[in-house]
Amino acid sequence: MVFAFALGAACCLGVGFVLQQNAAQRAPMSDFLSLRLLLDLARMPRWLAGIALMVCGMALGAIALSRGEVSLVDPLMATNLLFAMALSRWQTKQPLGRSGWGGLWLLAGGVAAFIVAGRPHGGRTVTDPLRHWLIVGVMVGAALLLAAVSKRVRMSTEAALLAVAAGLLYGVQDALTRVSGTRFAHGGWRELVTGWQPYGVLVLGVTALVLVQSAFETAPLRMSLPALTAAQPLAGIACGVGFMGDQLRTTPAALAVQAAGLVAIVCGIVLIGRHPAMPSGMAEPGQVRDLQPH
């Protein structure tokens, strides 16, 4: 069931991201990194359809997280890029070619290798609040730093940095979603609403949404989606092992295969994300920003 819900979430997210980027490229650049961007995008049916699919994907992901470990679910959800590629290839009629097939096998094989070698399973949750806040603080701080630095680099690099920042926040959001689900299972609604985690999920979700839509707005999908897809599972695994109690096999051979699997996942994501089939999503005339540093 965890595999089914996680892959269903990946399908919804992948298709939703493509629809969102198609719409975001038509938004006015004056709304960049602003909540006004979401208000402008809300007038576009294509974007609303993409958001509906993303919400559905997040709901399926939350169900998967309630039944399985973050370190298992997040790598599976990284396969959303395969579904995004399928839709983009249908739109552009581009053949996969060597790079497309290579990226597909690297991503799928990397996820399989990490899960088989690591065998993620639950353990005792770390109760030290300092460790919770330290890991969450590092992730959120890194995301905010990347968002600040992105304003001083070229537009293509800017999109990648914003996407990494959003991916880090989504990874932390996945971990807090798992914590919220556990609190609800143990104490019902009263236990859930008295904790800070569900409110953290909401704040992180809105912040990450602004970052990722700004990334989609500034550059083609191939510049942002690979970075987003790679950052989220890495952040989720760090949170899962760091304070959620997720456990992985730690024999030298298992660690080597897990590391190789993560490298293969990142390489596959980059190859697929930069494939010509991924839509360029050029902005409307008059909305293209200067490609020089800000």
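Chains are numbered independently. Their residues run from 1 in the order of the written sequence. Given that the model is predicted, a residue must reach a pLDDT of at least 70 before its local features are reported, and side-chain atom pairs must reach 80 or more before they are shown or counted; all residues, however, enter totals for whole chains, interfaces and linings. In computing side-chain properties, one takes all heavy atoms of the structure into account and sets aside hydrogens as well as water.

Caption draft 1: Geometry of helix H4 (residues 70–77). Buried residues are those whose accessible area, probed at 1.4 Å on protein chains only, stays under 20% of the maximum for their type, while exposed residues exceed 50% and partly exposed ones sit between those limits. The numbering of helices and of strands both runs from the N terminus, where a helix is a DSSP run of H or I of at least 4 residues and a strand a run of E of at least 2. Judged by how many residues are buried, H4 sits mostly within the fold: 8 of 8 residues are covered. Along H4, the residues that are buried comprise Val70, Ser71, Leu72, Val73, Asp74, Pro75, Leu76 and Met77.

Caption draft 2: Representation of the packing of aromatic side chains. Only the six-membered ring of Trp is used, alongside the rings of Phe and Tyr, when aromatic pairs are assigned; centres must lie within 6.5 Å, and planes under 30 degrees apart are stacked while those over 60 apart are edge-to-face, with the rest tilted. The full count for this structure, using the stated rule, is 2 aromatic pairs. Geometrically, the ring pair formed by Trp133 and Trp196 is stacked, given 4.6 Å between the ring centres and 20° between the ring planes. With Trp133 in helix H7 (residues 129–149) and Trp196 in the loop between helix H8 (155–193) and helix H9 (197–218), this residue pair connects regions lying 63 residues apart in the sequence.

Caption draft 3: View of helix H5 (residues 80–92). Taking 1.5 Å per residue, 13 residues should reach 18 Å; H5 reaches 18 Å between its end C-alpha atoms and fits that length. Listing the buried residues of H5 in full gives Asn80, Leu81, Ala84, Met85, Leu87 and Ser88. Two residues or fewer after H5 comes Lys93, characterised by a positive phi angle close to 65°. Residue count minus one, scaled by 1.5 Å, sets the expected span of a helix.

Caption draft 4: Structural view of the nonpolar core. Among the nonpolar cores identified, the biggest contains 72 residues, and Tyr170 and Leu228 are the most heavily contacted of them. With 12 residues, the single largest contributor to this core is H8. Excluding residues that lie within four positions of it along the chain, Leu228 makes contacts with Phe17, Ala163, Ala166, Gly167, Tyr170 and Val212. By nonpolar core we mean a set of buried residues, namely Ala, Val, Leu, Ile, Met, Phe, Trp, Tyr and Cys, connected to one another through side-chain atoms within 4.5 Å. Two residues form a contact once any of their heavy atoms are found within 4.5 Å.

Caption draft 5: Local environment of the side chain of Gln173. Tracing the sequence through the fold places Gln173 in helix H8. In this structure, Gln173 is in contact with Met58, Val201, Leu204 and Gly205, ignoring residues within four places of it in sequence.

Caption draft 6: Geometry of the packing of helix H3 (residues 45–67) against H4. H4 packs onto H3 with a crossing angle of 150° between their chain directions and a minimal axis gap of 8 Å. Here H4 runs roughly antiparallel to H3, going by the angle between their axes. In terms of crossing hand, the pair formed by H3 and H4 is right-handed. On H4, the residues that touch Gly61, Ala64 and Leu65 of H3 are Val70, Val73 and Met77. Just so you know the grouping, Ala, Val, Leu, Ile, Met, Phe, Trp, Tyr, Cys and Pro go in nonpolar, Asp, Glu, Lys and Arg go in charged, and all remaining residues, Gly too, go in polar. Within the contact of H3 with H4, the residues separate by chemical class into 5 nonpolar, 1 polar and no charged. As a rule, the C-alpha atoms of each element are fitted with a line to give its axis, helices using only the stretch in contact, and angles between N-to-C directions run from 0 to 180 degrees. We call two directions roughly parallel when the angle between them is under 35 degrees, roughly antiparallel when it is over 145, roughly perpendicular when it lies between 65 and 115, and oblique otherwise. Left-handed is the label given to a crossing in which the near helix is rotated counterclockwise from the far helix by less than a right angle, and right-handed is the label when the rotation is clockwise.

Caption draft 7: Looking closely at a nonpolar patch on the surface. Nonpolar side chains (Val, Leu, Ile, Met, Phe, Trp, Tyr) are joined into patches within 5 Å and like charges within 9 Å, using only residues with over 30% relative accessible area and no salt bridge. Accessibility throughout is a Shrake-Rupley quantity obtained with a 1.4 Å probe, and a residue counts as covered only by protein chains that appear here. By salt bridge we mean one thing: a side-chain nitrogen of Lys or Arg within 4 Å of a carboxyl oxygen of Asp or Glu. A cluster of nonpolar side chains, contributed by Phe184, Trp189, Val193 and Tyr199, occupies part of the molecular surface with about 460 Å² of accessible area. Considering each element in turn, the nonpolar patch owes the most residues, 3 residues, to H8. Of note, Phe184 is situated in helix H8. Overall, the relative accessible area of 36% leaves Phe184 in the partly exposed class.

Caption draft 8: View of the confidence of the model for the protein. Known as pLDDT, the predictor's confidence for each residue is given on a scale from 0 to 100. The pLDDT averaged across the protein works out to 80; a share of 87% of its residues lies at or above 70. Low pLDDT (under 50) marks residues 281–294, which in the prediction has 29 contacts with non-local residues, meaning those over four places away or in another chain.

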